[in-house]
Amino acid sequence: MRSSSISEAKERGGSMVTKLYEFALIGWNNHHQQHAASTAAATTNGNSVGSTSSRQRMAFVSENHQLNNNSNHRWGTMHQGCVGTNVVNAASSSSSSTSLRAFSTSSPSSSSKLSSSRAQNAIALLPTYLLDARSVTKYHPVTAPDGALQLSVAENQLSELPVSGVTGVVEKQQQQQQGDDGAKDEGNSSVGEEMTLVQVLSQLASSNVARPSDDTSTSSLTFEKDMIYYQPTQGSPGLRSAMGNYLHNLLLSSSSSSSKSTFNPENIILGAGCNAVLENLCMCLTEPGDAVMIPTPYYAAFEFDLVARAGCEIVSVNTLDYHNESPPSSSSSNSSSSSSSDKKRTTIPPSFYYPNKASLTHAYNLSIERTSRPPRVLLLSHPNNPLGICYPPEVVEECIDWCRENEVHLISDEIYAGSVYRQKKSDEEDTFVSAMSLASSENEQENDEGGGGGGGLGLGPYIHLVYALSKDFALSGLRVGVAYTENPEILVPMQKLNDLCQISSQTQLLVERMLSATVAGGSEKFVDAYLTSNRINIQTRCDKLQSCLTDVDIPYLPADSGLFVWMDFREFLPSLPDAITEENESLSSKEQRERGLYLKLMKEYGLLFTPGMSMRNERPGFFRCVFTAASEEEFELGLERIRKFVAEERGSSGGN
């Protein structure tokens with residue numbers, strides 16, 4: 001690791017003061033002069049690494065509004081994060097009375113009685129680039145044709161397209177009835193007219209067919225009387241069973257999987273979105289102030305999800321310096337030719353982003369240095385957001401082995417598992433292999449010790465899964481998240497915490513119907529048909545973007561999964577001063593240079609990407625482009641704007 005890494009970690013807090021100050025002023029005007037973020041104190045050391053949380057969260061909640069300027073483990077502190085000790089100290093020493101008021105750590109004033117420091121800390125955890133994004137006019141073909149194209153939110157507008165081969169769906173009870181009667185139902189859609197996802201959901205939402213898990217009747221009301229009462233906090237038995245079958249087919253049925261085990265429905269917890277179940281999982285595995293390690297770059301909202309209420313400390317797992325060679329600089333090329341026209345710019349290869357034992361061990365030691373105790377969790381995004389790639393099986397296996405050896409919990413966030421659109425590598429091996437498959441055991445005793453009494457995957461107590469329907473099915477509005485664990489110590493606590501974020505009964509029934517339905521006229525599950533069609537649409541859109549980037553010689557990571565491409569725009573960053581290199585550049589310089597490029601792309605060219613430094617990337621100048629976040633017309637316009645930006649920037653600099 002570079003010698004400046006630790007100082008950079010400390011510097012990031014101070015470098016965000018100006019941005020947080022600006023945020024405080026906006027919040028002041030928009031929220032009736034409520035005070036802005038101040039940093040809360042965290043609690044002291046936790047218990048053994050392998051056990052569930054024993055500290056009473058209530059005590060932490062009641063005490064964390066008490067500010068302690070001498071505390072080294074602040075609730076809002078994050079490694080290279082937004083809120084920290086440096087922010088408070090720097091703001092407190094400012095001569096500006098507004099700044100002092102915004103970040104004051106003194107005794108409560110009349111304004112602070114209107115809201116808590118926890119509330120304001122939560123706001124301060126939001127990615128700061130969102131402020132810039134909100135300041136520009138968004139594109140509209142009529143009223144704002146020059147407005148910024150939204151290519152930074154991970155949504156999939158391709159889900160609005162018809163699902164190939166689906167002209168109707170048949171529910172589970174209808175399938176059984178057809179088998180008994182020898183009849184064949186072609187569905188409720190006109191013959192030959194392919195349905196969209198929304199049309200399928202509309203049909204299922206108004207269905208009076210008996211729920212899939214009800215074997216006692218053939219019909220039901222759209223809204224049954226038992227749905228108005230309290231539901232099982234971990235989710236209905238029918239949906240948990242359907243979700244277990246779906247996850248088995250999605251995560252364990254690949255050619256690389258040797259597991260014959262299945263997901264135990266008793267170990268499934270369904271909650272209102274992936275962030276909700278992830279937060280609850282971390283609440284059960286960590287004490288306030290415990291470290292959660294995440295390989296960089298990572299999904300920016302993890303910082304909010306894990307810090308705002310769970311009180312975790314984020315420790316970045318930087319990977320670039322832990323491989324046998326150094327990553328290529330922005331000036332590197334694939335050609336040794338002296339002719340500039342023959343040179344092709346290159347980016348940092350995928351392998352440099354892979355965590356390994358060396359990078360994990362360094363982050364482990366850094367966690368101890370910062371929190372005085374070992375880290376509790378390693379969080380993997382697999383397939384990776386924002387890189388748009390899957391970790392190879394050997395990388396995931398190395399992480400699993402390291403976590404078990406060091407008694408660190410591994411949480412695999414596989415929310416994009418159904419959006420792997422290049423499913424085979426050049427050697428015909430599977431692109432994506434789930435951590436659930438790699439960590440599962442064929443040992444019957446281990447499977448029976450899963451905590452649910454009905455078998456399982458044999459993961460042991462240290463391996464966990466989170467998933468949701470928000471990305472693969474673009475159903476973020478339904479709020480359906482899934483956690484799976486075979487740690488018996490946390491099953492009941494997870495179920496109880498889920499009382500605060502349950503999914504509504506009618507949504508659960510709708511999703512159970514969707515997961516159980518088949519395509520009319522055949523035996524294929526609707527969800528399988530949808531994912532197949534969606535993968536084709538995603539790959540087609542991705543290929544168009546990558547072809548454009550290749551044409552204009554913009555380096556990128558060749559994507560195989562997710563909704564985005566990781567682009568290397570380092571060429572267009574402002575030049576570094578003499579004697580400063582990418583390796584020794586200060587954090588504030590990195591952020592300043594990248595923000596200037598980000599603002600130029602957004603304000604002058606109408607291209608709203610996600611800046612890499614907001615995702616804690618180690619180098620400035622990288623951007624995530626969500627190529628599914630736009631309509632076809634908007635996407636094509638985005639490609640035109642990329643070409644225009646490159647041509648004008650290279651023209652103004654005399655070419656490279």
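**Some details on the packing of helix H10 (residues 237-251) against helix H18 (residues 505-516)**
Thinking step 1. Packing of H10 against H18 leaves a shortest axis separation of 9 Å and a crossing angle of 35 degrees. Regarding H10 and H18, the two cross each other, and that crossing is left-handed. The segment H10 lies against H18, with Gly 238, Leu 239, Ala 242, Met 243 and Tyr 246 engaging Gln 508, Val 511, Glu 512, Leu 515 and Ser 516.
Thinking step 2. Taken together, the residues of the contact of H10 with H18 sort by class into six nonpolar, three polar and one charged.

**As for the pattern of salt bridges**
Thinking step 1. Counted by the stated rule, this structure contains 22 salt bridges.
Thinking step 2. In this structure, Arg 376 and Asp 290 form a salt bridge, with 3.3 Å as the shortest nitrogen-oxygen distance. With Arg 376 in the loop between helix H13 (357-371) and strand E6 (377-381) and Asp 290 in the loop between helix H11 (274-285) and strand E4 (291-295), this pair connects stretches of sequence that are 86 residues apart. Here Arg 376 and Asp 290 have matching classes, each one buried.
Thinking step 3. Residue Arg 422 is joined to Asp 543 by a salt bridge in which the shortest nitrogen-to-oxygen separation is 2.7 Å. Of the two residues, Arg 422 is situated in the loop between strand E7 (409-413) and helix H15 (435-439) and Asp 543 in helix H19 (residues 526-551); the sequence distance between them amounts to 121 residues.
Thinking step 4. Of the residues examined, Arg 422 reaches a relative accessible area of 21% and is grouped as partly exposed.
Thinking step 5. Where salt bridges share partners, they join Asp 568, Arg 570, Glu 582, Glu 583 and Arg 619 into one cluster.

**Let's talk about the nonpolar core**
Thinking step 1. Counting 80 residues, the largest nonpolar core has Tyr 246, Leu 251, Leu 378, Met 436, Phe 473, Met 514 and Phe 526 as the members making the most contacts within it.
Thinking step 2. It is H10 that provides the largest number of residues to this core, a total of seven residues.
Thinking step 3. Aside from chain neighbours lying at most four places away, what touches Met 436 is Leu 251, Leu 252, Phe 263, Ser 412, Glu 414, Leu 457, Leu 459, Ile 463, His 464 and Leu 465.
Thinking step 4. Of all hydrophobic cores here, the second largest spans 79 residues; its members include Ile 269, Leu 563, Phe 572 and Leu 608.

**Description of the packing of aromatic side chains**
Thinking step 1. Evaluation of the coordinates by the stated rule reveals 18 aromatic pairs.
Thinking step 2. Ring plane angle 85 degrees and centroid distance 6.3 Å describe the contact between Tyr 129 and Tyr 598, whose orientation is recorded as edge-to-face. Of this pair, Tyr 129 sits in helix H7 (residues 129-134) while Tyr 598 sits in helix H20 (residues 587-605), and the two are 469 residues apart along the sequence.
Thinking step 3. By relative accessible area, which is 11% here, Tyr 129 ends up buried.
Thinking step 4. Taking 6.1 Å as the distance between ring centres and 80 degrees as the angle between the ring planes, the aromatic pair formed by Tyr 354 and Tyr 391 counts as edge-to-face. Note that Tyr 354 is positioned in the loop between strand E5 (313-317) and H13 and Tyr 391 in the loop between E6 and helix H14 (393-406), a separation of 37 residues in sequence.
Thinking step 5. Put simply, the rings of Phe 569, Phe 572, Tyr 605, Phe 609, Phe 623 and Phe 645 touch in pairs and so form one group of aromatic residues.
Thinking step 6. When the ring centre of Phe 635 is taken as reference, the NZ or CZ atom of Arg 541 above it lies at 4.5 Å.

**Some remarks on a negative patch on the surface**
Thinking step 1. Taken together, the side chains of Glu 394, Glu 397, Asp 401 and Glu 405 present a region of like negative charge at the surface.
Thinking step 2. Mapped onto the elements of the fold, Glu 405 is located in helix H14.
Thinking step 3. The exposed category is assigned to Glu 405, whose relative accessible area is 56%.

**Focus: the packing of H20 against helix H21 (residues 632-652)**
Thinking step 1. Two elements in contact, H20 and H21, have axes whose closest approach is 11 Å; the angle formed by their N-to-C orientations is 115 degrees. Both H20 and H21 take part in a crossing whose hand is right-handed. Across from Leu 597, Lys 600, Leu 601 and Tyr 605 in H20, the residues of H21 making contact are Arg 641, Lys 644, Phe 645, Glu 648 and Glu 649.
Thinking step 2. Looking at the contact of H20 with H21 residue by residue, the classes come out as four nonpolar, no polar and five charged.

**As for the side chain of Arg 624**
Thinking step 1. For Arg 624, the location among the structural elements is in strand E14 (residues 622-626).
Thinking step 2. Summary of buried charges: Arg 624 has no salt-bridge partner, and the nearest side chain of opposite charge, Glu 155, is 10 Å away.
Thinking step 3. A distance of 2.8 Å separates the side chain of Arg 624 from the side chain of Asn 385, its partner in a polar contact.
Thinking step 4. If we ignore the near neighbours within four places in the chain, the residues touching Arg 624 are Leu 151, Ser 152, Ala 154, Asn 385, Pro 386, Phe 564, Val 565, Trp 566, Phe 609, Thr 610 and Met 615.

**Description of unusual backbone geometry**
Thinking step 1. Of note, the bond from Thr 296 into Pro 297 is cis; its omega dihedral lies within 30 degrees of zero at -10 degrees.
Thinking step 2. Inspection of the secondary structure puts Pro 297 in the loop between E4 and helix H12 (302-307).
Thinking step 3. Cis geometry marks the peptide bond from His 382 to Pro 383, where omega comes out at 0 degrees.
Thinking step 4. Despite not being glycine, Asp 553 has its phi angle at roughly 60 degrees, a positive value.
Thinking step 5. Positionally, Asp 553 belongs in the loop between H19 and strand E11 (564-568).
Thinking step 6. By relative accessible area, which is 12% here, Asp 553 ends up buried.

**Some points on the sheet that holds E11**
Thinking step 1. In spatial order, the strands read E11-E14-E13; together these three strands make up an open sheet with antiparallel pairing. The open sheet is flanked by E11 and strand E13 (610-611), the only strands paired with a single partner.
Thinking step 2. Sheet analysis places E11 next to E14, joined by five bridges and oriented antiparallel. In the strand pairing of E14, Asp 568 is matched with Phe 622.
Thinking step 3. H19 rests against E11 and E14 of the sheet, and its axis sits at about 10 degrees to E11.
Thinking step 4. Across the sheet, H20 touches E13 and E14, and the angle it forms with E14 is around 35 degrees.

**Structural notes on a nonpolar patch on the surface**
Thinking step 1. A contiguous nonpolar patch, built from Phe 223, Ile 228 and Tyr 229 and spanning about 350 Å² of accessible area, is present on the exposed surface.
Thinking step 2. Position of Ile 228 among the secondary structure elements: in the loop between helix H9 (197-205) and H10.
Thinking step 3. Its relative accessible area of 55% is what places Ile 228 among the exposed residues.

The rules behind the values
- Residue positions are given per chain, counting from 1 as you read along its sequence in written order.
- Only residues with pLDDT of at least 70 get local features here, since the model is predicted, and only at 80 or more are side-chain atom pairs given and counted; chain-wide, interface and lining totals rely on the full set of residues.
- The basis for every side-chain value is the complete set of heavy atoms in the structure, and neither hydrogens nor water enter the calculation.
- Helix axes are fitted only over the stretch in contact, all axes being lines through C-alpha atoms; the angle between N-to-C directions runs from 0 to 180 degrees.
- Strands are runs of DSSP state E lasting at least 2 residues, helices are runs of H or I lasting at least 4, and numbering of each runs from the N terminus.
- Each helix crossing is assigned a hand: it is left-handed if the near helix lies turned anticlockwise from the far helix by less than a right angle, otherwise right-handed if that turn is clockwise.
- The criterion used for residue contact is that any of the two residues' heavy atoms lie within 4.5 Å.
- Residue classes follow a fixed rule: Ala, Val, Leu, Ile, Met, Phe, Trp, Tyr, Cys and Pro count as nonpolar, while Asp, Glu, Lys and Arg count as charged, and any other residue, Gly among them, counts as polar.
- In the sections that follow, a salt bridge refers to a side-chain nitrogen of Lys or Arg positioned within 4 Å of a carboxyl oxygen of Asp or Glu.
- Partly exposed residues are those whose accessible area sits between 20% and 50% of the maximum for their type, while under 20% is buried and over 50% is exposed, using a 1.4 Å probe and protein chains only.
- Nonpolar core, defined: a set of buried Ala, Val, Leu, Ile, Met, Phe, Trp, Tyr and Cys residues in which side-chain atoms within 4.5 Å join the residues together.
- We call Phe, Tyr and Trp rings a pair once their centres come within 6.5 Å, taking the six-membered ring for Trp, and we label the pair stacked below 30 degrees between planes, edge-to-face above 60, and tilted otherwise.
- In our convention, an over-ring charge means Lys NZ or Arg CZ found within 6 Å of a ring centre and within 35 degrees of that ring's normal.
- Each patch is built from salt-bridge-free residues with over 30% relative accessible area, joining like charges within 9 Å and nonpolar side chains (Val, Leu, Ile, Met, Phe, Trp, Tyr) within 5 Å.
- Note on areas: Shrake-Rupley with a 1.4 Å probe; residue coverage comes only from the protein chains shown.
- Under the convention used here, Asp and Glu are negative, Lys and Arg are positive, and both His and the chain ends fall outside the count.
- Charge coordinates come from a single atom per side chain, which is NZ of Lys, CZ of Arg, CG of Asp or CD of Glu.
- Here a polar contact is recorded for every N or O atom pair within 3.5 Å, except that within protein the pair must consist of a potential hydrogen donor and a potential acceptor, and residues adjacent in sequence are included only if both atoms are side-chain atoms.
- Any two strands with at least two DSSP bridges between them are considered paired.

So far we have only geometry, and geometry alone does not tell us how the molecule works.
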